[in-house]
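The chain contents come next:
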Amino acid sequence: MKKTLLPFALGLTASLWGGSVLADGVTLHALMEDVPETAIIEKMLPDFEKETGIKVEFEKVGYGDMHDKLVAQLVGGQSYYNLLEVDFLWAGEFPAAGWLEDLKPYAEKTGFDTAAFIPSTMELLGNTDAAMPLVPMYNYSMGLIYRTDLLEDPALQAAYKAQTGKDLAAPTTLADYVAIAKFMKAEGKVNGAAMQGQKGDPNAMEFSNYLFAAGGDYLDADGNVVLASPAGETALGLYKEAITTAAQTGALSATLDDTMRLMCAGDAFSMVTYWWMLPQIDNAESCPDVAGKVALSVMPGGHGESGGWGWGIAKNVPQEEKDAAWQFITWVQSKDVAVARALEGHAPVRADVYTDPAVLAKYPFYKDAMSVVESGKSFPIFTYSAQYEDTLGTQVSLAASGDATIPDALAAAASGLTDLMKK
Amino acid sequence: MSTKVTDTARIGWGFAAPGLTMLAIVMGLPVFYAAAISLSSMTLIRPALSFTGLANFAQIVSEPLFWNSLLITLRYSVATVAGEFLVGLAIALMLRQVVTLRGVYFALLTLPMAMSPVAVALIWRMLLQPNLGIVNQTLAAMGLPMVDWLGDSGLALKTMIFIDIWQQTSFVVLLLSAGLASLPREPYEAASVDGAGPVQQFWYITLPLLRPVAMIAVVIQLINEFRTYDLIYILTKGGPGVSTELLSFFAYKRAFQGLALNEGSAAAFILLLIVLLITVVFFFLLERRKN
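Definitions and cut-offs
- Residues numbered from 1 in each chain as written.
- Chains lettered and ligands numbered in written order.
- Predicted model: local features only at pLDDT ≥ 70, side-chain atom pairs only at ≥ 80, totals over all residues.
- Heavy atoms only, no water.
- UniProt positions renumbered as here; feature names shortened; annotations may be inferred.
- Helix = DSSP H or I, 4+ residues; strand = E, 2+ residues; numbered from the N terminus.
- Buried < 20%, exposed > 50% of the residue type's maximum accessible area, 1.4 Å probe, protein only.
- Contact = heavy atoms within 4.5 Å.
- Areas by Shrake-Rupley, 256 points an atom, 1.4 Å probe, with all protein chains shown as cover.
- Lys, Arg positive; Asp, Glu negative; His and termini not counted.
- Charge placed at Lys NZ, Arg CZ, Asp CG, Glu CD.
- Pairing = 2+ DSSP bridges.
- Salt bridge = Lys/Arg side-chain N within 4 Å of Asp/Glu carboxyl O.
- Buried area = accessible area lost by both parts, 1.4 Å probe.
- Polar contact = N/O pair within 3.5 Å; in protein donor to acceptor, adjacent residues only side chain to side chain.
- Nonpolar A, V, L, I, M, F, W, Y, C, P; charged D, E, K, R; others polar.
- pLDDT = per-residue confidence, 0-100.
- Patch = residues over 30% accessible without salt bridge, like charges linked within 9 Å, V, L, I, M, F, W, Y side chains within 5 Å.
- Phe/Tyr/Trp six-rings, centres within 6.5 Å; stacked < 30°, edge-to-face > 60°.
- Lys NZ or Arg CZ within 6 Å of the ring centre and 35° of its normal.
- Axes fitted to C-alpha atoms, helices over the stretch in contact; angles between N-to-C directions.
- Left-handed = near helix turned anticlockwise from the far one by under 90°.

An unreviewed UniProt entry annotates chain B as Carbohydrate ABC transporter membrane protein 1 (CUT1 family) of Rhodobacter maris. Its UniProt record gives chain B the following Sequence similarities (unreviewed entry) comment, quoted word for word: "Belongs to the binding-protein-dependent transport system permease family." Per its UniProt entry, chain B bears the Subcellular location (unreviewed entry) comment "Cell membrane".

Taking an unreviewed UniProt entry as the reference, chain A is identified by name as Carbohydrate ABC transporter substrate-binding protein (CUT1 family) belonging to Rhodobacter maris. Chain A has a UniProt comment under Subcellular location (unreviewed entry) that states "Periplasm". According to the UniProt record, the Sequence similarities (unreviewed entry) comment for chain A reads "Belongs to the bacterial solute-binding protein 1 family."

Have a look at this one:
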């Protein structure tokens, strides 16, 4: 009996020893949004693993599932996700709850250069001189994507001139944009605007573009709520007009995916959307009906919604995992890797990537994209931003569906913001 | 005799103990914890359990959006259960007459019930997609106007009710079919001898005898409908406006978007109390009928 037990015990000891040796290698776990940007980075992970020996695993889910999954881990004893992908809308909440490691000491210790990032991408994530909770990952500022072939159509140009006395051209104001979108719906045999009016994140983000384009804002320079202003009323009025007279059937329940499909199928003249949607629409393989016929511009009026994701490190993980996560962040946001990502379609946050000759040679529109990023204004970022998105989305939806008046909806959205900021 | 009864009871409790212990751990502890949170100041930002009494309940019931959600939940639950019961009863009565391929019919009928609500919601979202969905494409091919099934605030809740009835009716059919199969033949034979027609037999024999099973079916479905969350989350997110925002979704938003676990738990507890009340009333009625 002893003879048979001895080899077994030795084997067990050896396997346990071997197991513990293998466990010494740190594995980074990140919950990632299932978007092209994630796929681009995922393809490069073997290079990082080869270079550092650190294994990185991405768990990909839809945006709607991310917040709750992350929060459940961050409030616990030890988070499974040690490397965090954090939306700018949570950039107030996560640091306020004490879930994120301050990355400023890491940057100082390793000499990580944050000056390369476009300032708006740093501010968007709540980074200050005192603390850096997040490192910019990629940008999703919003602009206008529109069909150039329809604007250049002689018959439509003549009809528009006859109706309005104006030339049919890319709009420069919000009112012009809505007027052209309405005209396209009536005369262009397409939907004037592919709109994402589902309440919550979709319509709150879309409306923000209208607000900034009309000259309105959520907060003034002193942090006072100024949403319920004449510019705010103009913005919400034009948003409702666009939904009811220029958008597709079902715009009030539509999301980004719906608008993408419409635009891709050639069934819409325009969409207010994330700038990096352009290469996906201007693609002869995936969208043959509109490839070569679309352009990107800053939101008419000069400002659109700014947005972006950042990298963070969970506080409730062991120090060796934090160090490994920081090593990954500095690698993935370095100039060389960022340029390589941009050549695959990445939406950069570093200014030097937008001006990189190789990137511009492949994607000339990155010049316009940089204007979109630089001119973007931010949704209010505070502890309850995610809840405010829902509050605002509800009021915008009520106004757009005719269930609330414009002034009432705007007043309710403004008081909701005031209440949440006081909370 | 008395010792025997005591021994039997003791053995019974002994057999039940593992199951009861599991229930206490799996169901009792979370409910107790949620109750504690609902009476505390605990939020995701400040996760400390300090007792605040009924303040969270007072906060929740002072909000018009809560009452709106409660009203919508009541309308939704009553409409879906009524629809499921009526359609389910009709199908169960028809199936009672079927002799050939009876098993095939039952298998087909249970398909929607076997699907997860998330899958059902995703399927219907594709079918009802306003521009590319097969329903609107069919309407357009027939020369009819396209309908904004989930984006029209006057129609969205009705659409949700229809989808729910589509999925849940099969459960009611199964329950009522089992009830119908267990009805005694003698009253029908006697009624036929007395000259009662099919309608009279249904009204005066089938319905009264089926009442206990029917009440069980109604209670189970009411509990299910009050807790509906998946369909709303996938299809409308409570919109347009707040036209489909059920109480379960209100509680979820308060807890995870508003970061107020305490208020979210309070809203969930109110939902639990309503469901408990309904269950107690139904069982009281059932017992009284039996006695």
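Novice: I'd like to hear about the overall build of chain B, residue by residue, with values.
Specialist: On a plain count of helices and strands, chain B comes out with 12 helices and 0 strands. Listed by position from the N terminus, the elements making up chain B come as α-α-α-α-α-α-α-α-α-α-α-α. Its C-alpha atoms put chain B at 80 × 75 × 30 Å along the principal axes. Among the 291 residues that make up chain B, the fraction classed as buried is 41%. Here the analysis covers contacts within chain B between residues at least 6 apart in sequence; of these, 68% occur between residues at least 24 apart. Surface exposure of chain B reaches about 15600 Å², of which carbon and sulfur atoms provide 74%. Taken together, the 17 basic and 14 acidic charged side chains of chain B have centroids lying 4 Å from each other.

Novice: Go over the UniProt feature "transmembrane region" (unreviewed entry) in chain B, please, and point to the residues and values.
Specialist: UniProt annotation of "transmembrane region" (unreviewed entry) refers to residues 12–36, 73–93, 105–127, 202–224, 231–252 and 264–286 of chain B when read in the numbering used here. For the annotated span residues 231–252 of chain B, helix accounts for 50% and strand for 0% of the residues, and the straight-line distance between the end C-alpha atoms is 14 Å.

Novice: Account for the pairing of strand 6 (residues 270–274) of chain A, naming residues and giving values.
Specialist: Residue and element names in this part refer to chain A. By the criterion of burial, strand 6 is predominantly enclosed, with 5 of the 5 residues buried. Where strand 5 (residues 142–147) and strand 6 come together, 5 bridges link them in antiparallel fashion. Its bridge partner lying in strand 6, Leu144 is registered against Val272.

Novice: Describe the pattern of salt bridges, and please don't skip the residues or the numbers.
Specialist: Residue and element names in this part refer to chain A. Tallying each qualifying case throughout the model produces 21 salt bridges over all chains. Lys60 is paired through a salt bridge with Glu42; the nearest N and O atoms lie 2.8 Å apart. Here Lys60, found in strand 2 (residues 55–61), pairs with Glu42, found in helix 2 (residues 36–52); they are 18 residues apart in sequence, far enough to count as distant. Lys60 sits in the partly exposed class, given a relative accessible area of 36%. According to the relative accessible area criterion, Glu42 is partly exposed, its value standing at 28%. The residue Lys69 makes a salt bridge to Glu59 at a minimum N-O spacing of 2.7 Å. Linking Lys69 in helix 3 (residues 63–74) with Glu59 in strand 2, this pair joins segments that are 10 residues apart in sequence.

Novice: For the interface of chain A and chain B, give the residues involved together with the corresponding values.
Specialist: Counting from both sides, the interface comprises 32 residues of chain A and, opposite them, 30 residues of chain B. For the chain A face of the interface with chain B, the top three residues by lost area are A:Asp68, A:Lys199 and A:Thr249, together amounting to 21%. Along the contact surface separating chain A from chain B lie 2 salt bridges. As a salt-bridge pair, B:Lys253 and A:Asp390 come within 2.5 Å of each other at their nearest N and O atoms. One can count 11 residue pairs in polar contact (both at pLDDT 80 or more) joining chain A with chain B. Those elements that provide at least two residues to the side of chain A that touches chain B are helix 3, helix 4 (93–96), helix 12 (256–264) and helix 19 (385–400) of chain A. With 6 residues, the single largest contributor to the side of chain A that touches chain B is helix 19 of chain A. Along the lines of polarity and charge, the residues of the side of chain A that touches chain B split into 11 nonpolar, 12 polar and 9 charged.

Novice: Explain the UniProt feature "domain: ABC transmembrane type-1" (unreviewed entry) in chain B residue by residue, including any values.
Specialist: Taking the numbering used here, the UniProt-annotated feature "domain: ABC transmembrane type-1" (unreviewed entry) corresponds to residues 70–282 of chain B. Helix makes up 76% of residues 70–282 of chain B and strand makes up 0%, while its end C-alpha atoms are separated by 20 Å.

Novice: Give a detailed account of the confidence of the model for chain B, specifying residues and quantitative values.
Specialist: Residue and element names in this part refer to chain B. When pLDDT is averaged along chain B, the result is 92; 98% of the residues meet or exceed 70. Averaged pLDDT values over the elements of chain B bottom out at 87 in helix 4 (residues 102–114) and peak at 96 in helix 2 (residues 55–61). Taken over the whole predicted complex, pTM reads 0.83, whereas the ipTM for its chain interfaces reads 0.78.

Novice: Can you break down a nonpolar patch on the surface residue by residue, with the values?
Specialist: Where nonpolar side chains cluster on the molecular surface, the patch consists of B:Trp13, B:Leu20, B:Met22, B:Leu23, B:Ile25, B:Val26, B:Met27 and B:Leu29 and spans about 850 Å² of accessible area. Tracing the chain through its elements places B:Leu23 in helix 1 (residues 2–38).

Novice: Give me the packing of aromatic side chains: which residues, what numbers.
Specialist: Overall, the coordinates contain 42 aromatic pairs over all chains when judged by the stated rule. With a centroid separation of 5.7 Å and an interplanar angle of 20°, the aromatic rings of A:Trp90 and A:Phe94 are classed as stacked. Across this residue pair, the class does not change: A:Trp90 and A:Phe94 are buried. Judged by centre distance (5.6 Å) and plane angle (75°), the ring pair of B:Trp124 and B:Trp166 falls under edge-to-face. Here B:Trp124 is found in helix 5 (residues 117–127), whereas its partner B:Trp166 is found in helix 7 (residues 156–181), with 42 residues between them in sequence. Owing to a relative accessible area of 12%, B:Trp124 belongs among the buried residues under this scheme. Since its relative accessible area comes to 34%, B:Trp166 is described here as partly exposed. Through successive ring pairs, a cluster of aromatic residues spans A:Tyr63, A:Trp90, A:Phe94, A:Trp99 and A:Trp309. Here A:Lys423 stacks its cationic end above the ring of A:Tyr384, 4.8 Å away from the centre of that ring.

Novice: Explain the packing of helix 7 of chain B against helix 9 (residues 198–226) of chain B to me, and be specific about the residues and the numbers.
Specialist: All names here are of chain B. Between helix 7 and helix 9, the shortest axis-to-axis distance is 10 Å and the interhelical angle comes to 145°. Between helix 7 and helix 9 the crossing geometry is right-handed. Only Thr206, Leu210, Val213, Ala214, Ala217, Ile220, Gln221, Asn224 and Glu225 of helix 9 make contact with helix 7, whose side of the interface consists of Asp164, Gln168, Phe171, Val172, Leu175, Leu176, Gly179 and Leu180. When its residues are assigned to classes, the contact of helix 7 with helix 9 shows 10 nonpolar, 5 polar and 2 charged.

Novice: I'd love a proper account of the pairing of strand 5 of chain A, names of residues and values included.
Specialist: Residue and element names in this part refer to chain A. A large share of strand 5 lies buried, amounting to 6 of its 6 residues. Here 4 bridges tie strand 5 to strand 7 (residues 294–297), and the two strands are oriented antiparallel to one another. Paired with Tyr146 across the strands is Ala295, a residue of strand 7.

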